[in-house]
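# Descriptive analysis of the structure
The lines below spell out each chain.
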Amino acid sequence: MDKNSAPSKIGILGGGQLGRMLLQEAANYTVETWVMENDDQCPAAHLCHHFVKGDIKNFNDVYAFGKKLDALTIEIENVNTEALEKLESEGVKIYPHPSVLKTIRNKILQKEYYKKHEIPTPEFRVTANLDELKEAADFLPAVHKIGEGGYDGRGVQLLKEREDLAKGFDVPSVLEKMVVIDKEIALMVGVNDKGETAVYPPVEMSFDKDLNLLDYQLCPALLDEKILWKIEAIALAVVRNFKSPGIFAVELFVDRKGDVLVNETAPRVHNSGHHTIEAHFSSQFDMLWRIMLGYPLGNTAAILSSIMINIIGAEGSSGDVIYEGLDEILKIENAFVHLYGKKQTKPGRKMGHVTIVSREKQDLTHKANIVKRKLKAKA
Ligand code: ADP
């Protein structure tokens, strides 16, 4: 791509908060941006040069959208990969390759990928239906995960004892041995067209057990150096074997014995990289533009430690959103507020996030608790 000629035309399939934050970074470069989503009021709609209303799962919509572009990326896995394959064969660059999307969005194929490449992951079996699952009592305690279509914990069922088997899914799924988790870790890796990689420091995640959504996340994760090396080596093995440029979030478990197991990978910018906007020299969004525009990879190092808290729609409250406590949060030193511009809130919906940076871990957790206590997205 000639960087001095006309701006590259790059499209994003999906117009949610990830697309929105990607577009915020695009403004630093010479790039003409396109977004396709079926809702013209979506978070990314007014930040791109060209908004196209369309269905990202529909072949014709995706093909028509992509064929006038130099490159395409995604902010959600569930897009029409046949259209992306055709576009790729016609010379449009796709980040990540559609073959990677197909492997990742099906948990059965994803787990088989880890096995094939000898990447440590919780032991698993594939179950075609509920009858097959009911034969698997010897494998309990386990976690049943729907093959396709699950997200944010929907499509994940804990099965502790024989009586729980009936709660499993009656469609092709993965049954995974339950891991006694010490820490849940995520780490972002950027890969350019030449296969060079840029690895971010791992983050430590804590989950809202009721909603199964990321509750807060600390960076850098507090880990022994040996475990840290293992995590980086495993994440690099996951990403390198895809043989695809793009940006990837690898989620891993550290168990009580200090073993590291891959839980899952997302082939795109990710919630576990939001803190990189303020806390790192090159954010995950900046990194993806550098990759797609053919520029050098950015510096992944942290400027300061950080904590990130999602702003989640409050329980029992749906409708036009108001942000209670916002003024107070904006007064906190080194707290950065991101509201995603969603007009309507509902329980569990991701409405925004807050990143806090500091030299002191105690300061981070203290301020994060204030955010969690005082800031509410409700109707
Ligand atoms: P989703 O893709 O919907 O986020 P995950 O596969 O990440 O689903 O699972 C959601 C959560 O369930 C994880 O963050 C983890 O806390 C728990 N979990 C998943 N797999 C296992 C496992 N094998 N053992 C123990 N807990 C697990």
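A quick note: this is a predicted structure, and the numbers were derived from the prediction, not measured.

## Considering the overall build of the chain
- A count of helices and strands for the chain gives 11 helices and 22 strands.
- With the C-alpha coordinates aligned to their principal axes, the bounding extent of the chain is approximately 60 × 50 × 45 Å.
- Residue pairs in contact within the chain that sit at least 24 positions apart in sequence constitute 62% of those at least 6 positions apart.
- Total accessible area on the chain stands at roughly 17,100 Å², and carbon and sulfur atoms take up 48% of it.
- For the chain, the distance from the average site of its 48 positive side-chain charges to the average site of its 54 negative ones is 1 Å.

## Considering the pattern of salt bridges
- This model, assessed by the stated rule, comprises 15 salt bridges.
- Measuring nitrogen to oxygen at the nearest pair gives 3.2 Å for the salt bridge that ties Glu324 to Lys378. Of the two residues, Glu324 sits in strand β18 (residues 322–324) while Lys378 sits in strand β22 (residues 376–378), which places them 54 residues apart along the sequence.
- Residue Glu324 is classed as partly exposed on the basis of its relative accessible area of 37%.
- The residue Lys374 makes a salt bridge to Glu328 at a minimum N-O spacing of 2.9 Å. Of this pair, Lys374 sits in helix α11 (residues 361–374) while Glu328 sits in helix α10 (residues 326–330), and the two are 46 residues apart along the sequence.
- Beyond isolated ion pairs, a larger network of salt bridges with shared partners links Lys111, Lys145 and Glu176.

## Here's the deal with the sheet that holds strand β8 (residues 156–159)
- With respect to topology, 4 strands assemble into an open sheet ordered β6-β9-β7-β8, the strand pairing being antiparallel. Each edge of the open sheet carries a strand with a single partner, namely β6 (124–127) and β8. Taken over all neighbouring pairs, the strand axes of this sheet differ in orientation by 25° on average, direction set aside.
- Where strand β7 (residues 142–146) and strand β9 (residues 173–177) come together, 5 bridges link them in antiparallel fashion. Paired with Val143 across the bridge in β9 is Glu176.

## Concerning the side chain of Glu75
- In this fold, Glu75 is placed in the loop between β4 (71–74) and α3 (81–89).
- No salt bridge is formed by the buried Glu75. Its closest oppositely charged neighbour is Arg268, at 7.9 Å.
- Here Gly19 takes part through its backbone nitrogen, which lies 2.7 Å from a polar atom of the side chain of Glu75.
- When neighbours within four sequence positions are excluded, Glu75 is seen to be in contact with Ile12, Leu13, Gly14, Gly15, Gly16, Gln17, Leu18, Gly19 and Arg268.

Rules behind the numbers
Residues numbered from 1 in each chain as written. Predicted model: local features only at pLDDT ≥ 70, side-chain atom pairs only at ≥ 80, totals over all residues. Heavy atoms only, no water. Helix = DSSP H or I, 4+ residues; strand = E, 2+ residues; numbered from the N terminus. Contact = heavy atoms within 4.5 Å. Areas by Shrake-Rupley, 256 points an atom, 1.4 Å probe, with all protein chains shown as cover. Lys, Arg positive; Asp, Glu negative; His and termini not counted. Charge placed at Lys NZ, Arg CZ, Asp CG, Glu CD. Salt bridge = Lys/Arg side-chain N within 4 Å of Asp/Glu carboxyl O. Buried < 20%, exposed > 50% of the residue type's maximum accessible area, 1.4 Å probe, protein only. Pairing = 2+ DSSP bridges. Axes fitted to C-alpha atoms, helices over the stretch in contact; angles between N-to-C directions. Polar contact = N/O pair within 3.5 Å; in protein donor to acceptor, adjacent residues only side chain to side chain.

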